Amino acid sequence: MSRDGIRSTVPHATPLRRAPVQRRSAERLTRILDACADLLDEVGYDALSTRAVALRADVPIGSVYRFFGNKRQMADALARRNLERYAERVTERLTEAADGGWRDALDAVLDEYLAMKRTAPGFSLIDFGNQIPVGDRRSVPNHRVAERLTELLSGYLGRRPDDDLRRVFLVAVETADTLVQLAFRVAPDGDDRIIEEARELLRVYLGRVLD
């Protein structure tokens with residue numbers, strides 16, 4: 001388990017130079033990404049180095065290069081792990097929800113993002129890859145998030161994951177991302193009034209489409 005109670009995983013889609021096979025190797029990869037996240041908070045992306053990550057993770061520098069060719073690939077893997085952890089948190093929240101409506105889903109999606117933004121190491125600089133950005137330019141981070149949410153929420157909402165639903169979620173994700181970033185520029189922990197305005201805007205938009 002990771003420090004925030006979510007299983008430390010790197011999704012199979014992450015473009016690692018070599019995927020971990022043995023448990024020891026997987027644990028070493030987790031330590032590397034945890035160290036990367038901590039150092040991002042401490043020194044920022046520009047000052048981040050693979051050598052500093054290796055020292056913090058207490059692994060040989062060769063272990064870092066076993067998985068990543070450079071710090072950008074490492075940051076991309078962290079962004080993808082963030083998305084998987086986020087999906088796990090949203091899933092757990094929805095499992096506990098009683099009504100099963102889209103408003104519960106909206107609250108889970110927004111609240112869990114805000115919680116990670118405020119508490120998850122390195123998340124404020126990387127999140128899902130929007131802030132640097134990292135990864136393949138053809139794989140825009142908000143498209144990743146929208147696709148993941150479509151996959152995650154379509155069954156919960158009783159909707160077919162068609163192009164219309166994908167477009168709706170992409171618009172909602174892009175809107176939420178813009179307004180949440182504004183809220184965190186206004187206040188270090190996110191301006192509550194802007195966040196509530198964002199929530200209301202999303203409720204109106206999604207209500208028109210999902211009700």
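Residues numbered from 1 in each chain as written. Predicted model: local features only at pLDDT ≥ 70, side-chain atom pairs only at ≥ 80, totals over all residues. Heavy atoms only, no water.

**Q** Summarise unusual backbone geometry; cite the residues concerned and give the values.
**A** Phi at Asp 58 is positive, roughly 60°, even though this residue is not glycine. Positionally, Asp 58 belongs in the loop between helix H2 (50–57) and helix H3 (61–67). (Helix = DSSP H or I, 4+ residues; strand = E, 2+ residues; numbered from the N terminus.)

**Q** Give me the packing of aromatic side chains: which residues, what numbers.
**A** Using the criterion set out here, one finds 6 aromatic pairs in the structure. Taking 6.4 Å as the distance between ring centres and 85° as the angle between the ring planes, the aromatic pair formed by Tyr 86 and Tyr 113 counts as edge-to-face. Here Tyr 86, found in helix H4 (residues 71–96), pairs with Tyr 113, found in helix H5 (residues 102–119); they are 27 residues apart in sequence, far enough to count as distant. Here Tyr 86 matches Tyr 113 in class, with each residue buried. Measuring from ring centre to ring centre gives 5.2 Å for Tyr 86 and Phe 128, while their planes differ by 45°; the resulting arrangement is tilted. Separated by 42 residues along the polypeptide, Tyr 86 in helix H4 and Phe 128 in the loop between helix H6 (123–126) and helix H7 (141–157) bring together distant segments of the chain. (Phe/Tyr/Trp six-rings, centres within 6.5 Å; stacked < 30°, edge-to-face > 60°. Buried < 20%, exposed > 50% of the residue type's maximum accessible area, 1.4 Å probe, protein only.)

**Q** Tell me about empty space enclosed by the protein, and please be specific about residues and values.
**A** Summed over the entire model, instances satisfying the criterion amount to 2 cavities of 30 Å³ or more. Taken as a whole, the largest cavity encloses approximately 310 Å³ of empty space. Around the largest cavity, the lining comprises 23 residues; the ones closest to its centre are Tyr 86, Val 109, Leu 149, Val 173 and Ala 176. Those elements that place two or more of their residues in the lining of the largest cavity are H5, H7, helix H8 (163–186) and helix H9 (192–210). Residue classes in the lining of the largest cavity are distributed as 20 nonpolar, 2 polar and 1 charged. (1 Å grid on protein atoms, 1.4 Å probe; cavity = no way out; pocket = protein on both sides within 12 Å on 5 of 7 lines; lining within 4 Å. Points joined across faces, edges and corners; volume = space filled by probe spheres on them. Nonpolar A, V, L, I, M, F, W, Y, C, P; charged D, E, K, R; others polar.)

**Q** Can you break down the nonpolar core residue by residue, with the values?
**A** Judged by nonpolar contacts, the single largest core of 35 residues is most densely connected at Tyr 86, Phe 128, Leu 149, Leu 153 and Leu 206. Contributing elements (two or more residues each) for this core: H4, H5, H7, H8 and H9. Ignoring sequence-local partners within four residues, the contact set of Phe 128 consists of Ala 79, Asn 82, Leu 83, Tyr 86, Tyr 113, Phe 123, Pro 141, Arg 144 and Val 145. If you look at the next biggest cluster of nonpolar residues, it comprises 25 residues, including Leu 16, Leu 39, Leu 40 and Ala 75. (Core = buried A, V, L, I, M, F, W, Y, C linked by side-chain atoms within 4.5 Å. Contact = heavy atoms within 4.5 Å.)

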